[in-house]
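Examination of the molecular architecture
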Amino acid sequence: MSIKRPRGTNDILPEESLKWQFVEKIAQDIFKRYNYQEIRTPIFEKTNLFQRGIGETTDIVEKEMYTFNDKGGRSITLRPEGTASVVRSFLEHKIYGQAQPTKYFYFGPMFRYERPQSGRYRQFHQLGAEVLGTDNPAIDAEVITLGLQILTELGLSDLEVHLNSVGCPECREEYREALVEHFSPDLEELCSDCQSRYERNPLRILDCKNEKCQEYTVDAPEIYDSLCEECTEHFEMVKNYLDKLEIDYILDPDLVRGLDYYTKTAFEIIYTGLGAQDTIFGGGRYDGLAEEIGGREIPGIGFAMGMERIILALEEQDIELPLTTDLDLFITTIGQPAKEAAFKYLYQLREAGLRVEMDYLGRSVKGQMKCADRNNAQYSIIIGGDELNKRVATIREMETGEQIEIELDNLVNEIKERVE
Ligand SMILES: [Zn+2]
Ligand SMILES: [Zn+2]
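These numbers were taken from a predicted model, which means no experiment stands behind them.

What to know about the overall build of the chain
- A tally of helices and strands in the chain yields 15 helices and 16 strands.
- Its C-alpha atoms give the chain principal-axis dimensions of roughly 95 × 55 × 45 Å.
- Across the 420 residues in the chain, those meeting the buried criterion constitute 49%.
- Once local pairs closer than 6 in sequence are excluded, the contacts in the chain between residues at least 24 apart make up 70%.
- Taken as a whole, the chain presents about 21,800 Å² of accessible surface, with 46% of it coming from carbon and sulfur.
- Placing the 48 positive and 77 negative side-chain charges of the chain at their respective mean positions leaves the two points 9 Å apart.

So, in structure tokens, the structure goes:
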């Protein structure tokens, strides 16, 4: 039996790949308008970067990482997300010594050992943004706006912005105590994961997908009552900036990022079209992360969005993308001398920026014409011995059937003029 691709991976075939290129192009264009520069970090990193940068108690680090020892005995992990690498790179290259803020964007594959399901893969792809070097709330609003703009310029609707503040370590300690007090009478009723979360990080109980646990989170205290003055003010400013842009958002106190170095703003954009609510992208502020991975204190905020989810949503909403692989010209040949001459014309035409093709399988003239059709060629031309001798041939506009006689030696210009 032939070898199949590993479970949870996907081949992005050319027809699909065109959609990806389109999404990436729109995103790149918007990133440029917002003055974000691309960063490309390694696909694998030292394992402890993610242990410290994502958090040892998270599902990602506990259960989902592709971790292995390389031949030198070093523990290596395929990156499960992009932020830790970006912050590591920022510190390693001392970018903090330059004028701030630093605005990055990235595209690429990420790896998590999860149960594969529709639109969810073990190798999946994210596009994301990170802004380092400022804790100004205007940047929080900018990052949310930027992500939203990518989705809306792609033509997506049915999007909800969910917004929350998770506070800073000080106000979160107060909140943690309130939660401990709230959950302690019913601790036995919670799932085993949540019982250990209760000890380590009760905020993450709010995130549990277990229905029983959710019963007990409904009337849990909200973080807003525990926010300190600085965090309250920051949150008010973020909302104020979003209000100025008339961006609708839903305050969502269950939106938690339960690690100490996640601070203040947390947000998600939810696509409500796919039947079940589906998070297309999420992000937030992480003012404590750089320190956590051994650097100095650098404020940061970012988001990551799932390419597979975006593509699914585009398909679901029947959004026509302006994709084309149509040819400008297909050259049909009769006989070997014509084939050799055509091979040279192909080269010249391609050099001139045109999309052209010929037959390589020795098809009949009829078979070659079919190829021209299949490739949606705008023009076709037949070259045989006669045409070569007279240096004249007929080009045919495929859609109208209109035929024009041209000088073969002027082929490049004749086609170029017509397809402009
Ligand atoms: Zn605070
Ligand atoms: Zn639970």
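After that view of the structure, there is still more to cover.
Topic: the domain arrangement of the chain
- The domains assigned to the chain are domain 1 (14–168 + 228–316) and domain 2 (329–419).
- Between the C-alpha centres of domain 1 and domain 2 the distance comes to 49 Å.

Focus: the pattern of salt bridges
- Going through the model one piece at a time under the given rule, you end up with 25 salt bridges.
- Here arginine 204 makes a salt bridge to aspartate 59, at a shortest N to O gap of 4.0 Å. Residue arginine 204 is found in the loop between helix H7 (192–200) and helix H8 (211–217), and its partner aspartate 59 is found in helix H3 (residues 59–64); the two are separated by 145 residues along the sequence.
- Of the residues examined, arginine 204 reaches a relative accessible area of 11% and is grouped as buried.
- Residue aspartate 59 is classed as partly exposed on the basis of its relative accessible area of 26%.
- Salt bridges linked by common partners bring Asp59, Lys63, Asp193 and Arg204 together as one network.

As for the packing of helix H2 (residues 47–54) against helix H4 (residues 83–92)
- In contact at an axis separation of 9 Å, H2 and H4 are set at 105 degrees when each is read in the N-to-C sense. With respect to H4, the axis of H2 lies roughly perpendicular. Contact with H2, carried on its side by Leu49, Phe50 and Gly53, involves Ala84, Ser85 and Arg88 of H4 and no other residues of that element.
- Here the residues of the contact of H2 with H4 sort into 3 nonpolar, 2 polar and 1 charged.

Describing the sheet that holds strand E4 (residues 75–78)
- Sheet architecture is open: 3 strands sit in the order E2-E4-E3, paired in antiparallel fashion. Two strands close off the open sheet at either side, each with one partner strand: strand E2 (44–46) and strand E3 (67–69). Neighbour-to-neighbour, the strand axes of the sheet open up by a mean angle of 35 degrees, direction not taken into account.
- Note that E3 and E4 share 3 bridges and pair antiparallel.

Quick look at the coordination of the zinc ion (ligand 1)
- Protein ligation of the zinc ion (ligand 1) involves Cys168 (SG), Cys171 (SG), Cys228 (SG) and Cys231 (SG), the donor distances falling in the range 2.2 to 2.3 Å.
- Taken together, the 4 donor atoms coordinating the zinc ion (ligand 1) and their angles of 102 to 120 degrees define a geometry best described as tetrahedral.
- Mapping the donors of the zinc ion (ligand 1) onto the primary sequence yields the spacing C-x2-C-x56-C-x2-C. When sorted by exposure, cysteine 168 lands in the same class as cysteine 171, which is buried.

Here's the deal with the coordination of the zinc ion (ligand 2)
- Within the protein, the atoms that donate to the zinc ion (ligand 2) are Cys191 (SG), Cys194 (SG), Cys208 (SG) and Cys213 (SG), at distances of 2.2 to 2.3 Å.
- Taken together, the 4 donor atoms surrounding the zinc ion (ligand 2) define angles of 104 to 115 degrees at the centre, an arrangement classified as tetrahedral.
- Of note, the zinc ion (ligand 2) draws all its donor residues from one chain, in the sequence arrangement C-x2-C-x13-C-x4-C. Here the residue cysteine 194 occupies a position in helix H7, and cysteine 208 occupies one in the loop between H7 and H8, the gap between them amounting to 14 residues. Neither residue differs from the other here; cysteine 194 and cysteine 208 are each classed as buried.

Focus: the packing of aromatic side chains
- With the rule as written, the count across this model stands at 9 aromatic pairs.
- Each ring, one from phenylalanine 281 and one from phenylalanine 303, has its centre 4.7 Å from the other, and the planes form 40 degrees; the classification is tilted. In this pair, phenylalanine 281 sits in strand E10 (residues 278–285) while phenylalanine 303 sits in strand E11 (residues 300–306), placing the two residues 22 residues apart along the sequence.
- The buried category is assigned to phenylalanine 303, whose relative accessible area is 1%.
- Within the aromatic cluster, the residues linked to one another by ring pairs are Phe31, Tyr36, Phe105 and Phe107.
- Residue placement shows arginine 122 over the ring face of tyrosine 113; its charged tip is 4.0 Å from the ring centre.

Describing a nonpolar patch on the surface
- Together, Phe343, Tyr360 and Leu361 line one region of the surface with nonpolar side chains, adding up to about 390 Å² of accessible area.
- Checked against the element boundaries, phenylalanine 343 lands in helix H12 (residues 336–351).

Scoring rules and cut-offs
- Residues numbered from 1 in each chain as written.
- Chains lettered and ligands numbered in written order.
- Predicted model: local features only at pLDDT ≥ 70, side-chain atom pairs only at ≥ 80, totals over all residues.
- Heavy atoms only, no water.
- Helix = DSSP H or I, 4+ residues; strand = E, 2+ residues; numbered from the N terminus.
- Buried < 20%, exposed > 50% of the residue type's maximum accessible area, 1.4 Å probe, protein only.
- Contact = heavy atoms within 4.5 Å.
- Areas by Shrake-Rupley, 256 points an atom, 1.4 Å probe, with all protein chains shown as cover.
- Lys, Arg positive; Asp, Glu negative; His and termini not counted.
- Charge placed at Lys NZ, Arg CZ, Asp CG, Glu CD.
- Domains from an automatic or database assignment.
- Salt bridge = Lys/Arg side-chain N within 4 Å of Asp/Glu carboxyl O.
- Axes fitted to C-alpha atoms, helices over the stretch in contact; angles between N-to-C directions.
- Parallel < 35°, antiparallel > 145°, perpendicular 65-115°, else oblique.
- Nonpolar A, V, L, I, M, F, W, Y, C, P; charged D, E, K, R; others polar.
- Pairing = 2+ DSSP bridges.
- Donors = N, O, S within 2.8 Å, 3.2 Å for Na, K, Ca; no water.
- Tetrahedral: all angles 85-135°; square planar, octahedral: opposite > 155°, others 65-115°.
- Phe/Tyr/Trp six-rings, centres within 6.5 Å; stacked < 30°, edge-to-face > 60°.
- Lys NZ or Arg CZ within 6 Å of the ring centre and 35° of its normal.
- Patch = residues over 30% accessible without salt bridge, like charges linked within 9 Å, V, L, I, M, F, W, Y side chains within 5 Å.

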